[in-house]
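# Topology and contacts: notes
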There are 4 protein chains.
Amino acid sequence: MPVILGQNQYGKAENRVVRIVRDGGTHHIKDLSVSVALGGDMAETHHSGSNATVLPTDTTKNTVFAFAKEYGIASAEQFGIRLARHFVTSQRAVHRARIRIEEYAWERVARSRTRSGSCSRTCSGHPGPDGVQHSFVRAGRETRLAQISYDGESWEVISGLTELTLLNTTDSEFRGYARDRYTTLEEAYDRILATDVTARWRYGWTSDQHPAPDWETSYAEARGHILETFAGTYSRSLQQTLYRMGSRVIEERGEIDEIRFSLPNKHHFLVDLEPFGLTNDNEVYFAADRPYGLIEATVLRDGADAAIPVDMTNL
Amino acid sequence: MPVILGQNQYGKAENRVVRIVRDGGTHHIKDLSVSVALGGDMAETHHSGSNATVLPTDTTKNTVFAFAKEYGIASAEQFGIRLARHFVTSQRAVHRARIRIEEYAWERVARSRTRSGSCSRTCSGHPGPDGVQHSFVRAGRETRLAQISYDGESWEVISGLTELTLLNTTDSEFRGYARDRYTTLEEAYDRILATDVTARWRYGWTSDQHPAPDWETSYAEARGHILETFAGTYSRSLQQTLYRMGSRVIEERGEIDEIRFSLPNKHHFLVDLEPFGLTNDNEVYFAADRPYGLIEATVLRDGADAAIPVDMTNL
Amino acid sequence: MPVILGQNQYGKAENRVVRIVRDGGTHHIKDLSVSVALGGDMAETHHSGSNATVLPTDTTKNTVFAFAKEYGIASAEQFGIRLARHFVTSQRAVHRARIRIEEYAWERVARSRTRSGSCSRTCSGHPGPDGVQHSFVRAGRETRLAQISYDGESWEVISGLTELTLLNTTDSEFRGYARDRYTTLEEAYDRILATDVTARWRYGWTSDQHPAPDWETSYAEARGHILETFAGTYSRSLQQTLYRMGSRVIEERGEIDEIRFSLPNKHHFLVDLEPFGLTNDNEVYFAADRPYGLIEATVLRDGADAAIPVDMTNL
Amino acid sequence: MPVILGQNQYGKAENRVVRIVRDGGTHHIKDLSVSVALGGDMAETHHSGSNATVLPTDTTKNTVFAFAKEYGIASAEQFGIRLARHFVTSQRAVHRARIRIEEYAWERVARSRTRSGSCSRTCSGHPGPDGVQHSFVRAGRETRLAQISYDGESWEVISGLTELTLLNTTDSEFRGYARDRYTTLEEAYDRILATDVTARWRYGWTSDQHPAPDWETSYAEARGHILETFAGTYSRSLQQTLYRMGSRVIEERGEIDEIRFSLPNKHHFLVDLEPFGLTNDNEVYFAADRPYGLIEATVLRDGADAAIPVDMTNL
């Protein structure tokens, strides 16, 4: 037969599981969307439609919810590891499992009134003495990401975040660039730099023989380094900012070997107010939607092999 | 002619204006999407295509950006009032203006490291002594809304918010309801209550003869009352929670005469784990997308006339 | 008590029901999203949380699916009428029902090969002699809309469509408009005119005493008049095009008393190619996203009262 | 330095270019979103912020629009090839170019009335003798995709489509599958099979030495084979349907060496109507949103190397 089957995988995508832990009156919440993809000895269902080796996607869904009960969700990564191990070790035909997780953040609603205007009167995260411990407000716009892959022998854990929107009102320029006959751009000496950070970082941990990282701390620290570096960098190009964010994470977090960013350059165009007799001293901008610059790169620990796929978005 | 022209309006929608105020090294940001709708003596362009009374929508866009420079943006409401007044008083053919504004919140990025885990290491809003004053992160998922209408004589200001996602893990029940032959629902004695709040409230202020409210304070206080009431109410129905949130705002904020909510009941179904030999003691939920309950109501100060349109969403 | 309850309604939104009719080997499909909103004697659930008069939203969902079986779906309007009548007449506390429906179109997939390139080889809608009668492809980008309101005495049926994207490459101009100090727009003598039509039309039929319109024919005819008028009008303003589309529908369809349009002016800007030594003779355009003009108006049969809400969108 | 730069690319994404060709009164339209990604000798801008080798993304945008004028758009693939070649051959620092294109389809609006109800009165694509030749309606829900990669020596062209929504009302079953303790699914002997096809296929053509395929014909034929195979297959699993669609394309189109599908299994659950005393004889379905099955696989010509990335979506 001149046609052959290549890479294939299947499973249930976007299982929205909410797990509550009730510690007396204080409740904790984990809110995930879990996608399961399994591969292995699955040629027959493609060729003849026989499903003898196919664990139904419905079963993979059930497993996500059952495991949330049986084992709890300490972190997205730990939960994904447990699921991946289960599928690979319990089904002979399943040789590979990849679990992708989106995690949505919640903050507590404080009942006590805090009069400081800084957090719109009802501060999140700081419940007072009479604070309610079972009320939450969805926090932030970003989504935490985790992807766990397992082939029965070694692990690959890629964590990250998306839709973290950052903006600097100054300390950004763009000049000294190459030119050709289609170049009309004027140099910018003081521009707004804005982006929606999508980042994925890969951990060096691959074997059950070694202790896994503390996933929650690692996430918080990596995220913090990205924010601080974005804020603290005088940017001559978004590429430079990207590289500094990446190298800071690699340098500061020994457990992370590789990080890749996809950074749209969300253009804020200075509006020409001259026709109205006004000057625009970097005060009024038009925030454009499309097109936008798109800057993508991987930053690696020297000696590490790149494994994060190049294309994390479709553009 | 058997056909007549009814209500009509036109303008430029979704002008995305970002206004920076530079107070030395400390920068401030206002980020709005402004939609202009004008009405008045516009029959001729509908009938013959003559545009003699039609100020181009492009001009209304220019005005938004020019006003951001000339007058700044103290608040969405104040900015909308200025725009509405301008169009109605400067164009003889324009008799009505309605400005709709979405405002997106930003928080400062702190450079100094704060080691408390509570805010993912880099806390927003509390820059340390070496804090960067020009770096921002998009905050929250909700959008602030404002709508200003003016007919040359009186004002109508409706403010609000949308996509404020709230969740209580307990203190919610639903029972004692009406039944018919299509009723299969079982009573819930302890359920998750989750919603995306869309609220719009109308101010009593209508005349330049009286001082306008402090829009920023009023917004923060109304939002805070909504959060606190949601968190503090033992809910027998989402309608009851809605009414308490509304009456609290009306009672506490004398400047607000009317408030309307549109509250999806975002179902979190308890997963049946019995087939797997597990009990689900209010721990594991499936967060469903569709369908969802939708609860909508207006709460009014006694004596006030309802003016907020009934349908704020399309469903 | 200084606070009162105003208009309120509740129900289950976005019930996605797919109804198959099997006529031998030839299958027919109806694909709807049905939203139910009920009102009436519901004060108590708002005030005390007592649900004694509240038919659960879950029951309204069940009713949608049960009625799809019991009565079939001849048209969105007929199905909505049946549902609205049921809720108002069977529940003493329900005094008003409003059913909103989105309908998604499907076309048949033809198995036989048609070699004419005009429809991408596999033509929809024209199955050959060996055509498969149970395979469908989602057709078109537009969504059909219907809203049925009933208070136990009289009916209001508003039908329509949304996201019908139209474009004329010529026969559109915009000039002779009003100017002020913020006007910079240059007159356009030959521009692209593009829009996403949202239209809602109200039927004169209100009473069971009279025969209802043929909803399917009426929809097809109204849609056709809109397309033909858009295509056939030399446009001096989008308002003029709107009015012609509306008056054509009112004139041609005696069963329709009122129609309202919301028409974004989807700007296609002629790209300035002069810096590259090229002329742009109305050949290359940049299709912008935001901002956009937004033109809205109602067209009425003389003597009819306007009843379609002014704001069909949020902008 | 322990940190190194890995794969990197940059450019302008989502350039929305509309190209009109005016053949007398008959106009033709091409509507594309073009994303440019360039790579090569770009380390310096990452390390020091020097942009000496960086052609601005703004210039890549200008080039897209200028080329639309200079060379026209015969097909998305041909346009992308021209752009990729230009960047790689004209900028010494650019060693790789990847052009991604989405194409949106338009059909002509017919002015003449066609009374057959089959196409909602105003048929697309078949203008009558007095047909307007400059009016268009956006057609279909699917988007055509093309990706062209060039490194100065060899070409890789991957075409495809996304959001092609298909549904069979019968001839689908799912049974005989593997079971474990989490399996609760009941076997289905006659179910609805629905999916949104995302497909990408890679052409064997890689060298300017050989003539390129006829891109328009190849697209239409591949799409047609996919539709016909979906319609004509009695499906025992979605994997089987996928494989048949893929092998049909490989067998029938010699110019295509590899095809990959990502097929969500859009569940249509038979509604349980028994509580209402009704039977549901495969008539009434609930169309669920999430979770959904996700089936992905590559089908290859024997001897070809797989090159289409495994993950075309983020789940």
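Right above here is the structure, for reference.
Let me sum up the structure you'll find in this document. Sequence order as written defines the numbering, with residues in each chain counted from 1. Here the convention is simple: chains get letters from A, ligands get numbers from 1, in the order in which they are written. Reporting in this predicted model follows two pLDDT cut-offs: at least 70 for local features of residues, and 80 or more for side-chain atom pairs to be given and counted; totals over whole chains, interfaces and linings ignore these cut-offs and use all residues. Here the side-chain values reflect all heavy atoms present in the structure, with hydrogen atoms and water set aside.

## Focus on the environment of tyrosine 292 of chain D
- With respect to the secondary-structure elements, tyrosine 292 of chain D resides in strand E13 (residues 292–301).
- What makes tyrosine 292 of chain D buried here is its relative accessible area of 13%.
- In the structure, tyrosine 292 of chain D is positioned 81 residues away from proline 211 of chain D in sequence and 42 Å away in space, judged by C-alpha atoms.
- Polar contacts here mean pairs of N or O atoms no more than 3.5 Å apart (in protein, one a potential hydrogen donor and the other a potential acceptor; neighbouring residues in sequence count only if both atoms are side-chain atoms). A distance of 2.6 Å separates a polar atom in the side chain of tyrosine 292 of chain D from a polar atom in the side chain of glutamate 14 of chain A. Helical segments are the DSSP runs of H or I of at least four residues, strand segments are the runs of E of at least two, and each set is numbered from the N terminus. Residue burial is assigned from relative accessible area. The probe radius is 1.4 Å, only protein chains are included, and a residue is buried under 20% of its type maximum, exposed over 50%, and partly exposed in between.

## Description of the relation of the copies chain D and chain A
- When chain D is fitted to chain A, the best match, at an RMSD of 0.0 Å, comes from turning it 180 degrees and sliding it 0.0 Å along the axis. Seen this way, the second copy is the image of the first under a two-fold rotation axis.
- In this assembly, 100% of the residues forming the interface of chain D have copies in chain A that are likewise at the interface, indicating an isologous arrangement. A residue counts toward the fit only if its pLDDT is at least 70 in both copies, and the copies are then superposed by least squares on the C-alpha atoms of those residues. Throughout, a residue-residue contact means that at least one pair of heavy atoms, one from each residue, lies within 4.5 Å.

## Concerning the interface of chain D and chain A
- Contact residues are listed per partner, giving 84 residues for chain D and 84 residues for chain A.
- For the pair chain D and chain A, the summed buried surface comes to about 7200 Å²; carbon and sulfur atoms form 51% of the total.
- We define a salt bridge as a contact between a side-chain nitrogen of Lys or Arg and a carboxyl oxygen of Asp or Glu at a distance within 4 Å. For the pair chain D and chain A, the interface holds eight salt bridges.
- With a shortest N-O distance of 3.5 Å, glutamate 70 of chain D and arginine 181 of chain A are connected by a salt bridge.
- Our count for the contact surface shared by chain D and chain A stands at 54 residue pairs in polar contact (both at pLDDT 80 or more).
- Those elements that provide at least two residues to the side of chain D that touches chain A are strand E1 (3–13), strand E2 (15–23), strand E3 (26–40), helix H1 (43–47), helix H2 (57–71), strand E4 (94–103), helix H5 (238–252) and E13 of chain D.
- It is E1 of chain D that provides the largest number of residues to the side of chain D that touches chain A, a total of eleven residues.
- Throughout, the ten residues Ala, Val, Leu, Ile, Met, Phe, Trp, Tyr, Cys and Pro are labelled nonpolar, Asp, Glu, Lys and Arg are labelled charged, and all others, Gly among them, are labelled polar. For the side of chain D that touches chain A, the class distribution of residues is 30 nonpolar, 33 polar and 21 charged. Here the quantity called buried area is the accessible surface, traced with a 1.4 Å probe, that two parts lose on coming together, added over both.

## Remarks on the pairing of strand E7 (residues 143–150) of chain C
Residue and element names in this part refer to chain C.
- Most of E7 sits inside the fold, with eight of its eight residues counted as buried.
- In E7, alternate side chains face the same way, and those of Thr143, Leu145, Gln147 and Ser149 on one face and Arg144, Ala146, Ile148 and Tyr150 on the other are all buried.
- Two strands are counted as paired when DSSP detects at least two bridges linking them. With seven bridges connecting them, strand E4 (residues 94–104) and E7 associate as antiparallel partners. Counterpart to glutamate 103 in the pairing with E7 is arginine 144.
- By the bridge criterion, eight bridges tie E7 to strand E8 (residues 155–168) in an arrangement that is antiparallel. Residue pairing for E8: glutamine 147 is matched across the bridge by isoleucine 158.
- The turn linking E7 back onto E8 is made up of four residues, and glycine 152 within it adopts a positive phi angle of 95 degrees.

## A word on helix H3 (residues 76–90) of chain C
Residue and element names in this part refer to chain C.
- To estimate how far a helix should extend, the number of its residues minus one is multiplied by 1.5 Å. The end-to-end C-alpha distance of H3 is 21 Å, a good match for the 21 Å that 15 residues give at a rise of 1.5 Å each.
- For H3, the full list of buried residues reads Ala76, Glu77, Phe79, Gly80, Ile81, Leu83, Ala84, His86, Phe87 and Val88.
- Of the surrounding elements, those touching the buried residues of H3 are strand E3 (26–40), helix H2 (57–71), E4, E7, E8 and helix H4 (215–232).

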